[in-house]
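Given next are the chains, with one letter for each unit.
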Amino acid sequence: QVLECQGLPIVNGQCDPYATVTLAGPSRSEAKKTKVKKKTNNPHFDEVFYFEVTRPSSYNKKSHFDIEDVDEVDKMEIRVDLWNASNLKFGDEFLGELRLPLKFLRQSSSYEAWYFLQPRDNGNKSLKPDDLGSLRLNVVYTEDHVFSSDYYSPLRDLLLKSADVEPVSASAAHILGEVCREKQEAAIPLVRLFLHYGRIVPFISAIANAEVKRTQDPNTIFRGNSLTSKCIDETMKLAGMHYLQVTLKPIIDEICQVHKPCEIDPVKLKDGENLENNRENLRQYVDRIFTVITKSGVSCPTVMCDIFFSLRESAAKRFQGDLDVRYTAVSSFIFLRFFAPAILSPNLFQLTPHHPDPQTSRTLTLISKTIQTLGSLSKSKSANFKESYMATFYDYFNEQKYADAVKNFLDLISSSGRRDHKSIEQPILLKEGFMIKRAQGRKRFGMKNFKKRWFRLTNHEFTYQKSKGDHPLCSIPIENILAVERLEEESFKMKNMFQVIQPERRVLYIQANNCVEAKDWIDILTKVSQCNKKRLTVYHPSAYLNGHWLCCKATADNTPGCTPCTGGLPANIQLDIDGDRETERIYSLFNLYMPKLEKMQEACGSKSVYDGPEEEEYSTFIIDDPKETYKTLKLIIEGVGTLEQEHAQYKRDKFKKTKYGSQEHPIGDKSFQTYIRQQSEISAHSI
């Protein structure tokens, strides 16, 4: 009886499966076939086939049933092949098979189970393995079993309060970075966990501040592979992926498709190429990429801006004599570790599907080098290049306007809503232009009519005046913008309207010239006001007219909003992260490096008792406060121990309840057979 299949492969967009059932032995082969099930890869056949295993004609009494005949039956097997009924001229496609020796079935009279389909046996066409060459692989496989949330509370809470621990080196997250062999191992789950719970900015601010305090020379700030730099890299990768796409993808695509020659090394020039033309091609590309980057400040994700703000503050405080350090602290991430690598290897940042061809790759390398140097703001640019042709090329960009553009861009992406107004001398103009606004009703008896005004937005305030250059008629400080949202057309029967909501429920209604302008204004206003402490979470999508809100019909004009506000982290960052899974990953790492945790405990003990030169094996750990660090280590080891017991219990229960041949573990599931073997060995040991 062939019952059902699940998850059959879909071939060329279709799956019309049927099964053939064969009883095959040394001297017979009899095949039967099910109906074709159309358009499904989970077919229910439920068809029964009978096969008679005929005994030899000489058989009359039991004694005559010779040994060979029994062997004959033992050599038989039932074979079920699955096929996709294809209308192609090549015939039907083979999907997989399973083979059941009769001797296996003789052990019980009926046997129902799930089986994995296997590839087809090659019969006698088997190739000698050495005909095919060989391949050496290194595969790292990690498997985490994730429990429900409540199991992880103690460890998760310990990790999430890392930002508030004094000193931060005594926190659970920092300790994870200390014991892992590679900082990257710790950074990936930590960043995902902190992003998920909205704690990434305070955590990175705390570890960055501690690192800046340990840095002696402003020129080496954030240059090492520390936990801070790995965590910021990881955050930029997650939070900044969309930002990279909108900023760089169009021009990278063009470079990959057009193949303009850009080689400027005289030694590598191909025949027929002109050095001057190549230089000009390259200069145009660098100029365009430089412009899209330095104009993209408003699209930079808020979470990145907040991190850059705290890096800038820490660096400026630590090296007060160096006025450039506030810029280099930020550019060492946004240029050196974000834009430059993305230009160099666009395939690693999902900007292109494949690695570019050699010529394009060379062009991207030259662009990346130049952008990196432009972004680094170092004093003697030409000296940065080992190659004289790069130094000559760079002379194009030695103008002040390039340095100013970089500084303006860095100012914008590191001037968070929590900024200190005094630290930015000149307000940065972000956008300006004519729009139509409705009177806000500040006067008791004024007409609430519509007027055309010149609007101007800086990173300090949003103002409007009669025309460009006039004195502002109204100024709204950025911290008073509580939300910026679209306004439904029904309110004033006007398209492309949006609202700027201020304290005491004052709302400024504005109409932009077109839908693109409206989106730009909403984006940039949301961007600069994103970190305001009193930002609203709900708003009214329509206006309050004739004594009620048009959207929810509430009559009081101070009724809280009826619709959640937009803005905040891009939704996909929050959705793609499973906090429990990341906590389980961190537990696995702590468990793996348990000997190092214990060693670190010893180091704390020896440090607090004996203050002399450290033992060699302890000197690798950063321990600022042995007492606090010891306390945290004790809690980590306890939390890991509890989870380890839960895992052991789960494995024991799973082993008892699992049935081989069930839907979860079909016959042919090699991993399960190995698991069974391991478990029986473990239980034998424990007995």
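Preceding block: the structure.
Model, not experiment: these values are computed from the prediction.

Rules used in this analysis
Residues numbered from 1 in each chain as written. Predicted model: local features only at pLDDT ≥ 70, side-chain atom pairs only at ≥ 80, totals over all residues. Heavy atoms only, no water. Helix = DSSP H or I, 4+ residues; strand = E, 2+ residues; numbered from the N terminus. Buried < 20%, exposed > 50% of the residue type's maximum accessible area, 1.4 Å probe, protein only. Contact = heavy atoms within 4.5 Å. Pairing = 2+ DSSP bridges. Axes fitted to C-alpha atoms, helices over the stretch in contact; angles between N-to-C directions. Salt bridge = Lys/Arg side-chain N within 4 Å of Asp/Glu carboxyl O. Phe/Tyr/Trp six-rings, centres within 6.5 Å; stacked < 30°, edge-to-face > 60°. Lys NZ or Arg CZ within 6 Å of the ring centre and 35° of its normal.

With that out of the way, let us pick up the side chain of T215. As for its placement among the helices and strands, T215 is situated in the loop between α6 (200-214) and α7 (227-239). Given the relative accessible area of 10%, T215 is considered buried. Setting aside chain neighbours within four positions, we find T215 in contact with T220, I221, R318 and F319.

Before going further, it helps to spend a moment on the sheet that holds strand β8 (residues 450-458). Pairing in this open sheet of 7 strands is antiparallel, and the strands run β10-β9-β8-β7-β13-β12-β11 from one edge to the other. The open sheet has two edge strands with one neighbour each: β10 (474-477) and β11 (483-486). Across the sheet, the mean angle separating the axes of adjacent strands is 30 degrees when strand polarity is ignored. Two elements, β8 and strand β9 (residues 461-465), share 4 bridges in a ladder whose sense is antiparallel.

Let us look at the pattern of salt bridges. With the rule as written, the count across this model stands at 27 salt bridges. Ionic pairing is found between E77 and R99, a salt bridge with its closest N-O pair at 2.8 Å. Pair noted here: E77 is in strand β5 (residues 77-84) and R99 is in strand β6 (residues 93-101), with a separation of 22 residues, a long-range link. Classification of E77 by relative accessible area gives buried; the value is 18%. Linking E489 and K495 is a salt bridge whose minimum nitrogen-to-oxygen distance equals 3.6 Å. Owing to a relative accessible area of 52%, K495 belongs among the exposed residues under this scheme. One connected set of salt bridges, linked through shared partners, spans E77, R79, D81, E97 and R99.

Another aspect to go through is unusual backbone geometry. Negative phi is the rule for most residues except glycine; trans is the rule for most peptide bonds. Look at the link from E166 to P167: it is a cis peptide, with omega at -15 degrees. Within the element layout of this structure, P167 appears in the loop between α3 (153-160) and α4 (172-179). Positive phi, normally seen in glycine, also occurs at K39, with a value near 50 degrees. Taking the relative accessible area as the measure of exposure, K39 reaches 78% and is therefore exposed. In this model, K493 sits at a positive phi of 55 degrees, which is unusual for a non-glycine residue.

With that out of the way, let us pick up the packing of aromatic side chains. The full count for this structure, using the stated rule, is 23 aromatic pairs. An angle of 50 degrees between the planes, with centres 5.3 Å apart, marks the rings of F455 and Y464 as tilted. Across the pair, Y464 and F455 agree in class, each one buried. Through successive ring pairs, a cluster of aromatic residues spans F290, F393, Y394, Y396, F397 and Y402. Taking NZ or CZ as reference, K33 lies 4.6 Å from the ring centre of Y18, over its face. We note K452 situated over the ring of F434; from NZ or CZ to the ring centre the distance is 4.9 Å.

Take the sheet that holds β5 next. Spatially, the 4 strands line up as an open sheet ordered β3-β2-β5-β6, and their pairing is antiparallel. Two strands close off the open sheet at either side, each with one partner strand: β3 (28-33) and β6. Neighbour-to-neighbour, the strand axes of this sheet turn through a mean angle of 20 degrees, independent of strand direction. Summarising the sheet, strand β2 (residues 17-25) and β3 pair through 6 bridges and their orientation is antiparallel. Looking at the pairing, T22 lines up with A31 of β3.

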